[in-house]
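# What the coordinates show
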Amino acid sequence: MAFRGRLRLAAVALALTALGGVALAAESEKAATDKPQIGKPQTDRPLGVVELFTSQGCSSCPPADEFFAELAGKDNIIALAYHVNYWDYLGWQDTLSTKENTERQYDYMRAFGSRSVYTPQAVINGRSHVNGASRKDVDGALARMDRTGDGMRVAIKVSRTSDRVMIDAGDAGSGPADAHVVIVYFDPPQMVKIGQGENSGRSLTYWNAVSDIQTAGMWHGKAQRYELPMTEIAKKGGCAVLLQSVGKDGMPGPILGAAFIHKPDRL
């Protein structure tokens, strides 16, 4: 079954303010004197990003979902679960799926030059894909990319005040220097009782199920700041930022940096 829709990356309605590297240092100093920080700034250069494409209606997915729950509990991995809808015809409509999640997987398919999609699929750092249920393959890909320099090479620092979140993207150094700043919202962990389909009768807990994806701006290789209203974060269960390069054809490319903005840890 083909899905040809392109992922609609809507610009964040709440405008994010981008500041250059020189202005960034001055603004940081001003914020320190004008308004106290709530909590300590968080500097994140995680091991990597794991994007799991899964479905409640897929009998092969529960082992991947269980392994993903372990990944979601680690502070050094940005783990995001995209529930897709193309298995809904088997008798159960995935309660967490969106067409945008499905379209993101098809965009990856085209970017990788593949001819089909599958579940459970784990995309690692936007660079390659493996069986999402294979601990050996996922861990091996993360370790290999970290070793070869294909991991998170751009530091992302997240800090907060009472009314805003500051996202500071570092300097690129060498290599590709253009990327989209992608904000990914996800739900808190939740248990779902599946009533029909291949997993009928099972109660499964799903972590970090993606509910919305928005492109917030552009990064051009230099240290830059983006600001997000705290009220927007408060509306969501969780939130992460990805610094992701995009090909000339608009397809998603390597993820250069990532961090959690807010990470729920409760059922």
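Structural notes, computed from the coordinates. (Residues numbered from 1 in each chain as written. Predicted model: local features only at pLDDT ≥ 70, side-chain atom pairs only at ≥ 80, totals over all residues. Heavy atoms only, no water.)

What follows is about the environment of Lys-157. Structurally, the position occupied by Lys-157 is in strand S7 (residues 156-160). Residue Lys-157 is classed as partly exposed on the basis of its relative accessible area of 31%. Counting along the chain gives 102 residues from Lys-157 to Ala-259, while the straight-line C-alpha distance between them is 7.5 Å. (Helix = DSSP H or I, 4+ residues; strand = E, 2+ residues; numbered from the N terminus. Buried < 20%, exposed > 50% of the residue type's maximum accessible area, 1.4 Å probe, protein only.)

In a regular helix each residue adds 1.5 Å, so 14 residues correspond to 20 Å; helix H4 (residues 135-148) covers 20 Å between its end C-alpha atoms and thus fits that length. Those residues of H4 that are buried lie in contact with strand S3 (48-54), helix H2 (61-72), strand S4 (77-83), strand S5 (121-124) and strand S6 (128-131). Of the residues trailing H4, Gly-149 is marked for its positive phi of about 85°. (Expected span 1.5 Å × (residues − 1). Contact = heavy atoms within 4.5 Å.)

What follows deals with the nonpolar core. Core analysis: the largest hydrophobic core is formed by 23 residues, its most contacted members being Val-49, Ile-78, Leu-80, Tyr-82, Val-184 and Leu-242. Looking at this core, the elements that each hand over two or more residues are S3, S4, helix H3 (99-112), strand S9 (179-186), strand S12 (210-219), strand S14 (238-246) and strand S15 (252-262). For Leu-80, the residues in contact, after removing those within four places along its chain, are Val-50, Glu-51, Leu-52, Phe-68, Val-184, Phe-186, Asn-208, Val-210, Ala-240 and Leu-242. Counting 22 residues, the second largest nonpolar core, distinct from the first, contains Val-154, Ile-167, Leu-243 and Leu-256. (Core = buried A, V, L, I, M, F, W, Y, C linked by side-chain atoms within 4.5 Å.)

Right, let's talk about unusual backbone geometry for a bit. Residues Thr-119 and Pro-120 are joined by a peptide bond in cis, for which omega reads -5°. Locating Pro-120 in the fold gives a position in the loop between H3 and S5. Although it is not a glycine, Asn-125 adopts a positive phi angle of roughly 55°. Along the polypeptide, Asn-125 turns up in the loop between S5 and S6.

Okay, the sheet that holds S5 next. Here 4 strands make up an open sheet; going across it, the order is S4-S3-S5-S6 and the pairing mixed. Looking at strand neighbours, the two that pair on one side only are S4 and S6, the edges of this open sheet. In this sheet, neighbouring strand axes are inclined to one another by 25° on average, regardless of whether the strands run parallel or antiparallel. Docked against the sheet, H3 engages S3, S4, S5 and S6, running at close to 115° with respect to S3. (Pairing = 2+ DSSP bridges. Axes fitted to C-alpha atoms, helices over the stretch in contact; angles between N-to-C directions.)

We now examine the pattern of salt bridges. A complete count under the given rule lists 9 salt bridges for this structure. Across the pair Glu-70 and Arg-135 runs a salt bridge whose closest N-O atoms are separated by 2.9 Å. Of this pair, Glu-70 sits in helix H2 while Arg-135 sits in helix H4, and the two are 65 residues apart along the sequence. Since its relative accessible area comes to 39%, Glu-70 is described here as partly exposed. On the basis of relative accessibility, which here comes to 41%, the residue Arg-135 falls in the partly exposed class. In this structure, Asp-168 engages Arg-225 in a salt bridge whose closest nitrogen and oxygen atoms are separated by 2.7 Å. Residue Asp-168 is found in strand S8 (residues 164-169), and its partner Arg-225 is found in strand S13 (residues 224-229); the two are separated by 57 residues along the sequence. Owing to a relative accessible area of 4%, Arg-225 belongs among the buried residues under this scheme. In this structure, a network of salt bridges that share partners links the residues Asp-163, Arg-164 and Glu-227. (Salt bridge = Lys/Arg side-chain N within 4 Å of Asp/Glu carboxyl O.)

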